Amino acid sequence: MSKDPYAIVKRPLITEKGMGIAPMGKYAFEVDIRANKIEIAQAVEKIFSVSVTKVNTLRVKGKPKRLG
């Protein structure tokens, strides 16, 4: 599954927690749900010209929305 790296990495997560881990050399991205860790690492390396040492993934469920 050799996709376009920009199709795998959708956007960086610009949150308070995401900015808090940046000084430690860790970064958070929203990625394609079908991508595995190897594909994510290769995409980040290609886009940002860096060496990826480790990839952690997490699936986050959306919060319920209230209407009315």
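Residues take numbers from 1 onward in each chain, read along the sequence in its written order. The predicted nature of this model means local features are confined to residues of pLDDT at least 70 and side-chain atom pairs, given and counted, to a pLDDT of 80 or more, with totals for whole chains, interfaces and linings taken over all residues. As a rule here, side-chain values come from all non-hydrogen atoms in the structure, and water together with hydrogens is ignored.

**Student:** Before we move on, could you go through the nonpolar core and cite the residues and values that matter?
**Tutor:** Inside soluble globular proteins, nonpolar side chains tend to come together where they are buried. Only buried residues count toward a nonpolar core. Its members are Ala, Val, Leu, Ile, Met, Phe, Trp, Tyr and Cys residues joined through side-chain atoms within 4.5 Å. Between buried and exposed lies partly exposed: a residue is buried under 20% and exposed over 50% of the maximum accessible area for its type, with that area taken using a 1.4 Å probe on protein chains only. Ile8, Val9, Ala35, Ile40, Ala41, Ala43, Val44, Ile47 and Val55 form the largest nonpolar core, which has 9 residues in total. Helix and strand definitions here come from DSSP, where helices need a minimum of 4 consecutive H or I residues and strands a minimum of 2 consecutive E residues; each element is numbered from the N-terminal end. A per-element tally of this core places helix H3 (residues 37-48) first, with 5 residues. Residue contacts are defined here by distance: any two heavy atoms, one from each residue, within 4.5 Å place the two residues in contact. Apart from the residues lying within four places of it in its own chain, the contact partners of Val9 are Phe29, Glu30, Val31, Ala43, Val44 and Ile47.

**Student:** Describe in detail the layout of surface pockets, supporting the description with residues and values.
**Tutor:** Within this scheme a cavity is a closed region of a 1 Å grid, computed over the protein atoms alone, that accommodates a 1.4 Å probe without allowing it to escape, whereas a pocket is open but has protein on both sides within 12 Å along at least five of seven lines; lining residues each have an atom within 4 Å of a point. Grid points are joined across faces, edges and corners, and a volume is the space filled by probe spheres set on the points. Approximately 1500 Å³ is the volume found for the largest pocket. Among the secondary structure elements, those contributing two or more residues to the lining of the largest pocket are helix H2 (16-21), strand S2 (29-31) and H3. At 5 residues, the largest contribution of residues to the lining of the largest pocket is made by H3. Tallied by class, the residues present in the lining of the largest pocket amount to 18 nonpolar, 8 polar and 8 charged. Nonpolar residues are Ala, Val, Leu, Ile, Met, Phe, Trp, Tyr, Cys and Pro. Charged residues are Asp, Glu, Lys and Arg, and all others, Gly as well, are polar.

**Student:** Lay out the environment of Tyr27 with the relevant residues and their values.
**Tutor:** With respect to the helices, strands and loops of the structure, Tyr27 is situated in the loop between H2 and S2. Separated by 17 residues in the primary sequence, Tyr27 and Val44 have C-alpha atoms spaced 10 Å apart.

**Student:** Describe in detail the confidence of the model for the chain, supporting the description with residues and values.
**Tutor:** What pLDDT conveys is the predictor's confidence in a given residue, as a value from 0 to 100. Across the chain, pLDDT averages 92, with 97% of residues at or above 70. Confidence, read as mean pLDDT per element, is least for H2 in the chain (92) and greatest for H3 (96).

**Student:** Describe the pattern of salt bridges, naming the residues involved and giving the relevant values.
**Tutor:** For this analysis, a salt bridge means a side-chain nitrogen from Lys or Arg found within 4 Å of a carboxyl oxygen belonging to Asp or Glu. Taken as a whole and judged by the stated rule, the model has 3 salt bridges. For Arg11, the salt bridge goes to Glu30, with nearest N and O atoms at 2.8 Å. Taken together, the residues Arg11 in strand S1 (residues 9-12) and Glu30 in strand S2 connect sequence positions 19 residues apart. Taking relative accessible area as the criterion, Arg11 reaches 44% and is therefore assigned partly exposed. Between Arg34 and Asp32 there is a salt bridge, with the nearest N and O atoms lying 3.4 Å from each other. Assessed through its relative accessible area of 7%, Asp32 is described here as buried.

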